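# Topology and contacts: notes
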Protein chains: 2
Amino acid sequence: MLNIGIVGYGNLGRGVEAAVKSAPDMNLVGMFTRRNTDDIKSESPCFSYDDLQNMKDQIDVAILCGGSATDLPLMTPEIAANFNVVDSFDTHANIPDHLRTVDAAAKASGKIAIISTGWDPGLFSLARLYANAVLPDGTDYTFWGKGISQGHSDAIRRIEGVIDARQYTIPVQSAMERVRSGESPSLTTREKHTRECFVVAEEGADLDRIESEIRNMPNYFSDYDTTVNFISAEELAENHSGMLHGGSVIRSGVTAGRYNNTIEFSLKLDSNPFFTGSVLASFARAAYRLNAAGECGCKTVFDIPPILLMAENREDVIAHML
Amino acid sequence: MLNIGIVGYGNLGRGVEAAVKSAPDMNLVGMFTRRNTDDIKSESPCFSYDDLQNMKDQIDVAILCGGSATDLPLMTPEIAANFNVVDSFDTHANIPDHLRTVDAAAKASGKIAIISTGWDPGLFSLARLYANAVLPDGTDYTFWGKGISQGHSDAIRRIEGVIDARQYTIPVQSAMERVRSGESPSLTTREKHTRECFVVAEEGADLDRIESEIRNMPNYFSDYDTTVNFISAEELAENHSGMLHGGSVIRSGVTAGRYNNTIEFSLKLDSNPFFTGSVLASFARAAYRLNAAGECGCKTVFDIPPILLMAENREDVIAHML
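Below, the structure is looked at part by part. Model, not experiment: these values are computed from the prediction.

### Describing the pattern of salt bridges
Residues and elements named next belong to chain B. Under the criterion given, the structure shown has 30 salt bridges over all chains. In this structure, R285 and D25 form a salt bridge, with 2.7 Å as the shortest nitrogen-oxygen distance. With R285 in helix α10 (residues 272-292) and D25 in the loop between α1 (11-22) and β2 (26-33), the pair connects residues that are 260 residues apart, well separated along the chain. Judged by its relative accessible area of 7%, R285 is buried. Looking at D25, the relative accessible area reads 18%, which means it is buried. D164 is paired through a salt bridge with R157; the nearest N and O atoms lie 2.8 Å apart. For R157, a relative accessible area of 24% gives the class partly exposed.

Okay, here's the thing in structure tokens:
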């Protein structure tokens, strides 16, 4: 059995907990949190973050469920100094820096770190790599959604007069169809996605001002066709409390300079954090196995032989899935 | 530069030739054939199959383009005794036996063999493995087509009175939609695919008998809803001479016992052999690199770190695709 520690216990931590508890080859040692452990509602053991370093002998892999903005840049190298780790660092532009920092820590400790797992980065990255490897002459497209964007929802909540909000990122179907047809179109930001907002405003708030502030918010909304719907707190709770997400990676290109090909990888997820947690758990298996084989340092999903993700043995997987 | 030899020069060999010639890091040493080399129409060098064993020092990887029925079971172990090899062995039921035979030969020679590459087995197998690893509680579906099935076309050609024929395998769209919806239906053979046949008959042949023989042919057609169209040789050449194929691997399942998720990987290919050839070329890169790192034996697509398929270096791939 693979002994797993979960560091951080928000939505993603709960997703990892569920995945580890249902895996036939994993044992959940417990969750580690900086919050008061009495506040954690779970049947699994819960420890203080400070206890982690005293439990080196009991944990084979630590799955890190902190955020990419401030937690993981410090947490991943710190924990990789003593444990095999898996994280879901998702600030694409900073991945090379994160890789270098974590690699130094993991090489020094002789442990394995696998960073930026999940679905984007993660499974979508793998889809891009395989599609590029087998179809070098082509164009990549990534569409996200329909799904809740936490960052955009937060941005709306910061507007004066807004009590709560949810924002859906929605891919433009006609653009996806053009890509699938092999047309290889050039698409602007506006042509690829629309944004739909559900907003609960304070009583008497200036709705026109709120809508205008949302639509004109740079980076977040101004480059998109944005729809704003004002609804009640009850309706938000009833119809928009889910965490659905998904998307498609599409590459279209030619072989021999003339035959069209389209490769598409798509996800449709009712719960983004529970699916992401399940992906992280599978990469924990690979982290442990690579380290047991004598390897150390920082790896990405690109470096992992896929067979290492499976609980079943290689012969069975080859016989049934190849 | 990676020096590539192509063994066998049918449609697949031509596909590999095009892929190798356009790869920035590959040099095509030539094709090796059992046919008269004068019959080979290509600008690339062409050699007799018997010359291969004298060119060990000039070839880094031999890409084997023979058939799975009779060529590859003998050819892959024979050539792996002296070369790194890649094949596209696609008789799913016999893959474990093929793996054992080739593994023994490659371990004895200290070479790497990667078997059963292409798209099914190959990319579809990878899609199945990743989807199973990250979504252990679910159901797999594979749909093929719309595409030309060589085996079914050949079966029709063997019927008395038939001059030529093409058979399309077509997935049932309503079944695919049920699977995509997360319904996890049980589907019979007949409910998943239909078969459409275009047949050129001899003048005066009994068309009713031919149609009946096709529809009732066991294994090939009797379990399917089959449509038979009699057309002229000219129409067959004009409208049905392509080699299109494709399909979808779909897995739907739940996380935490309750959230639905659908993972789909799809291909749409104008030319099956040219795309397959391009896949084989990318795995030749991995075969060479694994062997250069000191590994030997028989591998499958499941054993290969994806990064080894790319011509670009790891840092660039991580920076741009992760």
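### Some thoughts on the sheet that holds strand β11 (residues 225-230) of chain A
Residues and elements named next belong to chain A. Pairing within the open sheet is mixed, and its 4 strands lie in the order β8-β9-β10-β11. Since the sheet does not close on itself, it has two edges, and those belong to β8 (147-148) and β11, each with one partner. By the bridge criterion, 6 bridges tie strand β10 (residues 193-201) to β11 in an arrangement that is parallel. Considered in β11, the bridge of C197 is made with V228. On top of the sheet, helix α5 (residues 150-157) reaches β8, β9 (162-171) and β10; it is set at about 145° to β9, its chief contact.

### With respect to the relation of the copies chain A and chain B
One copy of the chain maps onto the other through a rotation about an axis plus a displacement along that axis. Expressed as a screw transformation, the operator carrying chain A onto chain B has a rotation angle of 180° and an axial translation of 0.0 Å, and the superposed copies differ by an RMSD of 0.0 Å. Expressed as a symmetry operation, the mapping of one chain copy onto the other fits a two-fold axis. A share of 100% of the interface residues of chain A reappears at the interface of chain B, consistent with the copies meeting face to face through the same patch.

### Quick look at the interface of chain A and chain B
Residue-level contacts link 60 residues of chain A with 60 residues of chain B. Both sides of the chain A and chain B interface together cover about 5,100 Å² of buried area, and 67% of this is carbon and sulfur. Inspection of the chain A/chain B interface yields 2 salt bridges. In this structure, the connection of chain A to chain B is made through 23 residue pairs in polar contact (both at pLDDT 80 or more). It is strand β13 (residues 259-269) of chain A that contributes the most residues to the side of chain A that touches chain B, 11 residues altogether. Looking at the side of chain A that touches chain B residue by residue, the class counts come to 36 nonpolar, 14 polar and 10 charged. With 9 bridges joining them, β13 of chain A and strand β13 (residues 259-269) of chain B adopt antiparallel strand pairing. Within β13 of chain B, the residue paired with L267 of chain A across the bridge is I263 of chain B.

Parameters at a glance
Residues numbered from 1 in each chain as written. Chains lettered and ligands numbered in written order. Predicted model: local features only at pLDDT ≥ 70, side-chain atom pairs only at ≥ 80, totals over all residues. Heavy atoms only, no water. Salt bridge = Lys/Arg side-chain N within 4 Å of Asp/Glu carboxyl O. Helix = DSSP H or I, 4+ residues; strand = E, 2+ residues; numbered from the N terminus. Buried < 20%, exposed > 50% of the residue type's maximum accessible area, 1.4 Å probe, protein only. Pairing = 2+ DSSP bridges. Contact = heavy atoms within 4.5 Å. Axes fitted to C-alpha atoms, helices over the stretch in contact; angles between N-to-C directions. Least-squares fit on C-alpha atoms with pLDDT ≥ 70 in both. Buried area = accessible area lost by both parts, 1.4 Å probe. Polar contact = N/O pair within 3.5 Å; in protein donor to acceptor, adjacent residues only side chain to side chain. Nonpolar A, V, L, I, M, F, W, Y, C, P; charged D, E, K, R; others polar.

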